[in-house]
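# Report on the structure
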Amino acid sequence: MDIQENIVNKVAQSGLVTLDPAAFYPQGERVVYDIKDNLYMELILREKDFREFVKGHDWAQYTGKNVALTCTADAIVPAWAYMLIANKLAPYAKDVVFGDAAVLETVLFEKGMATMDVEQYRDQRIVIKGCGDTEVPVSAYVELTKKLTPVAKSIMFGEPCSTVPIYKRKD
């Protein structure tokens, strides 16, 4: 029996455009600076001691790094304390944000997507890739959806062979 079948790649013929959010992943080491280590008994910020620490600390060690400033202790830290550290980090760090590691990732992804040319996706059927080697925060998917909805013909989540519909423009 001679059966010949042509294998047709329907995904390739579908006209779907795959967008990988990991493409917006900003490079660079991430560091969380926890100000609790500068508090007396992890409770109180002593201004004189804190200012001495800030003045004498080697801030150059953060050169080229993305830094999140936070306090994991249950303490009231005045805003100026974070401002002093941010001021010292500014000449060295690639970026400085207030928050934990998750906030840092959110901010970095948003900055990476800020330069995205959405016009290239006008009237396209877009699949926003749902998995990969790079962990993408949910906020990045929300931001992409927000940016693409006004221009896309449709937006789906997942892989071209198995998608979840998110949006379809009604013509």
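Residues numbered from 1 in each chain as written. Predicted model: local features only at pLDDT ≥ 70, side-chain atom pairs only at ≥ 80, totals over all residues. Heavy atoms only, no water.

The full count for this structure, using the stated rule, is eight aromatic pairs. Ring geometry for tyrosine 141 against phenylalanine 157: centres 5.5 Å apart, planes inclined by 80°, an arrangement best described as edge-to-face. Here tyrosine 141 is found in helix α5 (residues 138–148), whereas its partner phenylalanine 157 is found in strand β6 (residues 154–159), with 16 residues between them in sequence. Overall, phenylalanine 157 belongs to the partly exposed group, its relative accessible area being 34%. Three or more aromatic residues joined by ring pairs make a cluster, and in this case those are Tyr33, Phe53, Trp59 and Tyr62. In this structure, arginine 46 is placed above the aromatic ring of tyrosine 40, and the distance from its NZ or CZ to the ring centre is 3.6 Å. (Phe/Tyr/Trp six-rings, centres within 6.5 Å; stacked < 30°, edge-to-face > 60°. Helix = DSSP H or I, 4+ residues; strand = E, 2+ residues; numbered from the N terminus. Buried < 20%, exposed > 50% of the residue type's maximum accessible area, 1.4 Å probe, protein only. Lys NZ or Arg CZ within 6 Å of the ring centre and 35° of its normal.)

Another aspect to go through is unusual backbone geometry. You will see that glutamate 42, though not glycine, has its phi angle at about 55°, which is positive. Note on placement: glutamate 42 falls in the loop between β2 (30–34) and α2 (47–56). At aspartate 123, a position not held by glycine, the phi torsion is positive, near 60°. Along the polypeptide, aspartate 123 turns up in the loop between α4 (101–114) and β5 (125–129). Assessed through its relative accessible area of 44%, aspartate 123 is described here as partly exposed.

All right, on to the sheet that holds β6 then. Read across the open sheet, the four strands follow the order β1-β5-β6-β7; overall the sheet is mixed. Among the strands making up the open sheet, the edge pair consists of β1 (16–19) and β7 (162–168). For this sheet, the mean inter-axis angle between neighbouring strands, taken without regard to orientation, is 30°. Here five bridges tie β5 to β6, and the two strands are oriented parallel to one another. Among the inter-strand pairings, lysine 129 is bridged to a residue of β6, identified as glycine 158. In the packing of α5 onto the sheet, contacts are made with β1, β5, β6 and β7, and the angle to β5 comes to roughly 170°. (Pairing = 2+ DSSP bridges. Axes fitted to C-alpha atoms, helices over the stretch in contact; angles between N-to-C directions. Contact = heavy atoms within 4.5 Å.)

This part is about the packing of α4 against α5. Packing of α4 against α5 leaves a shortest axis separation of 9 Å and a crossing angle of 25°. Considering the angle they form, α4 stands roughly parallel to α5. Crossing of α4 against α5: the hand is right-handed. Taking contact as the criterion, the partners of Thr106, Phe109, Glu110, Met113 and Ala114 in α4 are, on α5, Ser139, Ala140, Glu143, Leu144 and Lys147. (Parallel < 35°, antiparallel > 145°, perpendicular 65-115°, else oblique. Left-handed = near helix turned anticlockwise from the far one by under 90°.)

Tracing the chain through its elements places lysine 65 in the loop between α2 and β3 (66–70). Aside from chain neighbours lying at most four places away, what touches lysine 65 is Glu29, Val31, Ala93, Lys94 and Asp95.

Moving on, we come to the environment of threonine 149. Mapped onto the elements of the fold, threonine 149 is located in the loop between α5 and β6. For threonine 149, a relative accessible area of 26% puts it in the partly exposed group. For the pair formed by threonine 149 and phenylalanine 24, sequence separation is 125 residues and the distance between their alpha carbons is 18 Å. Ignoring sequence-local partners within four residues, the contact set of threonine 149 consists of Ile155 and Tyr167. For threonine 149, the side chain forms a polar contact with the main-chain oxygen of threonine 145, separated by 2.6 Å. (Polar contact = N/O pair within 3.5 Å; in protein donor to acceptor, adjacent residues only side chain to side chain.)

Turning our attention to the nonpolar core. Ranked by size, the top nonpolar core spans 19 residues in total, and within it Ile35, Val77, Ile85 and Leu89 carry the most contacts. Secondary structure elements with two or more residues in this core: β2, α2, β3 and α3 (79–89). The greatest single-element share of this core, amounting to four residues, is contributed by α3. Setting aside residues up to four positions removed in sequence, valine 77 forms contacts with Ile35, Leu39, Leu45, Cys71 and Tyr82. (Core = buried A, V, L, I, M, F, W, Y, C linked by side-chain atoms within 4.5 Å.)

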